[in-house]
Amino acid sequence: MAVQDVLAPGAGDPPAPGPAAGARGVWRRLRTRPSAVVAGAVLAALLLAALAAPLLTAVSGQDPYTYHDELVNSASGGAPHGAFGGISGTHWLGVEPGTGRDLFARLVYGARVSLLVAAGALLLQVLIGVSVGLAAALGNRWADQVLSRVTDVMVALPMLVLAIALTTVVPEDFPRPLLLILVMGALNWGGTSRLVRAQTLTLRRLDFVAAARLGGSGPLRVVRREMLPSLAAPVITHAAILLPSNIVLEASLSFLGIGVKPPTPAWGQMLSTATTWFRADPMYVLLPSGLLFVTVLAFTVLGDAVRTALDPREASRLRVGTRKEKTRD
């Protein structure tokens, strides 16, 4: 048995050169994976389009709120004139059935809402989960038992049903994106808390944490200087996987009519409306659903790549296992 197998993970490694070098190493490993590069490029383009939505709609000469009754056929119930949902030089992706609102403008503004809600909820989930997980692992036995049981309850709760119940009792004039961020963040931190608690219980037994305590560092300093940097990798990995689920949850709530309210555009809301138009105008269904699928897939692929880049030992184990299998064959 090698000496490294007996030591704790990272104990036999050379000291880390610092955050900048670590970030460069992660970036270098990410660049070697074509799937991560493609997923990152897709997400960068989507984020840029969301941020530049006012500029893009100004270039197209459209906005997401103006009705164009002349572009829909009232005799057919409101289906757009022309092929492929009314695509033209003025309306790049066609128009919305029934209202004639520009579909490109509503898609790029809807990306803003979806990404903002998902990212805001993620920040709240990580903040609550890390705080509760650290308190459970570093507190006394009574605090650990109480916080662990609370976390178990939060994990077991039917989140979608509870989110529906909470969003329906809030007054209509409350900002819906903010409401979704608060509800999603307050209900879905249990997995992060469990992860942080388990990792912290392992870290507190390692030598470098004991050395920091013997050196006179207080509990807060030990957490800030020793534990949080070591928790960064698993928390970032978990967050990269949690973000696409937040996008799907926001779209689900908007699809059910209790998320973002009209006229504010959102992909889930557009899909809810599109269910009555999928025969007359298939493009109105395919565009928001396709964007939602590509976004979730890109975040999932990038999250898996980040997990491997932050834990190169896993990639090494996979390569070693593959070589052994080829040797046996």
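If you check an unreviewed UniProt entry, the protein appears there as ABC transmembrane type-1 domain-containing protein from Streptomyces malaysiensis. Listed in UniProt under the heading Sequence similarities (unreviewed entry), the comment for the protein reads: "Belongs to the binding-protein-dependent transport system permease family." The UniProt entry for the protein carries the following comment under Subcellular location (unreviewed entry): "Cell membrane".

> Looking at this model, I keep getting lost on the overall build of the protein. Mind explaining?
Helix and strand counts for the protein stand at 14 helices and 2 strands. In the protein, which comprises 329 residues, the share counted as buried stands at 40%. Expressed as a percentage of contacts within the protein between residues at least 6 apart in sequence, the contacts between residues at least 24 apart total 73%.

> How should I be thinking about the pattern of salt bridges in this particular structure?
For the structure shown, the criterion picks out 6 salt bridges. The residue Asp-304 makes a salt bridge to Arg-33 at a minimum N-O spacing of 3.7 Å. Note that Asp-304 is positioned in helix H13 (residues 282-310) and Arg-33 in the loop between helix H2 (19-31) and helix H3 (34-51), a separation of 271 residues in sequence. Where Arg-194 meets Asp-152, a salt bridge forms, and the shortest distance between an N and an O atom there is 2.8 Å. On the criterion of sequence distance, the pair formed by Arg-194 in helix H9 (residues 190-203) and Asp-152 in helix H6 (residues 141-156) is long-range, its members being 42 residues apart.

> Would you mind showing me how to read the UniProt feature "transmembrane region" (unreviewed entry) in the protein here?
Within this structure's numbering, the places UniProt gives as "transmembrane region" (unreviewed entry) are residues 36-56, 113-138, 150-171, 177-196 and 283-303. For residues 113-138, the helix share is 100%, the strand share is 0%, and the end-to-end C-alpha distance is 37 Å. Across residues 177-196, helical content stands at 90% and strand content at 0%; the span's end C-alpha atoms are separated by 28 Å.

> What is the right way to look at the environment of Gly-85 in this model?
Structurally, Gly-85 can be placed in the loop between strand E2 (79-80) and helix H5 (103-138). Each C-alpha atom, one on Gly-85 and one on Val-72, is 9.4 Å from the other, the two residues being 13 residues apart in sequence. If we ignore the near neighbours within four places in the chain, the residues touching Gly-85 are Pro-80, Gly-94, Val-95, Asp-281 and Met-283.

> Honestly, the side chain of Ser-114 in this entry has me stumped. Any pointers?
As for its placement among the helices and strands, Ser-114 is situated in helix H5. Using a relative accessible area of 1% as the deciding quantity, one classes Ser-114 as buried. Among residues more than four places away in sequence, those in contact with Ser-114 are Glu-250 and Trp-267.

> Just to check I follow, could you spell out unusual backbone geometry for this structure?
What is expected of a backbone is that most residues other than glycine have negative phi and most peptide bonds are trans. The peptide bond linking Pro-262 to Pro-263 adopts the cis configuration, its omega dihedral lying at 5°. If you trace the backbone, Pro-263 turns up in the loop between helix H11 (219-255) and helix H12 (267-274). The backbone phi angle of Phe-84 is positive, close to 55°, even though this residue is not glycine. Within the secondary structure layout, Phe-84 lies in the loop between E2 and H5. Exposure remark for Phe-84: the relative accessible area of 61% places this residue in the exposed category.

Conventions we followed
Residues numbered from 1 in each chain as written. Predicted model: local features only at pLDDT ≥ 70, side-chain atom pairs only at ≥ 80, totals over all residues. Heavy atoms only, no water. UniProt positions renumbered as here; feature names shortened; annotations may be inferred. Helix = DSSP H or I, 4+ residues; strand = E, 2+ residues; numbered from the N terminus. Buried < 20%, exposed > 50% of the residue type's maximum accessible area, 1.4 Å probe, protein only. Contact = heavy atoms within 4.5 Å. Salt bridge = Lys/Arg side-chain N within 4 Å of Asp/Glu carboxyl O.

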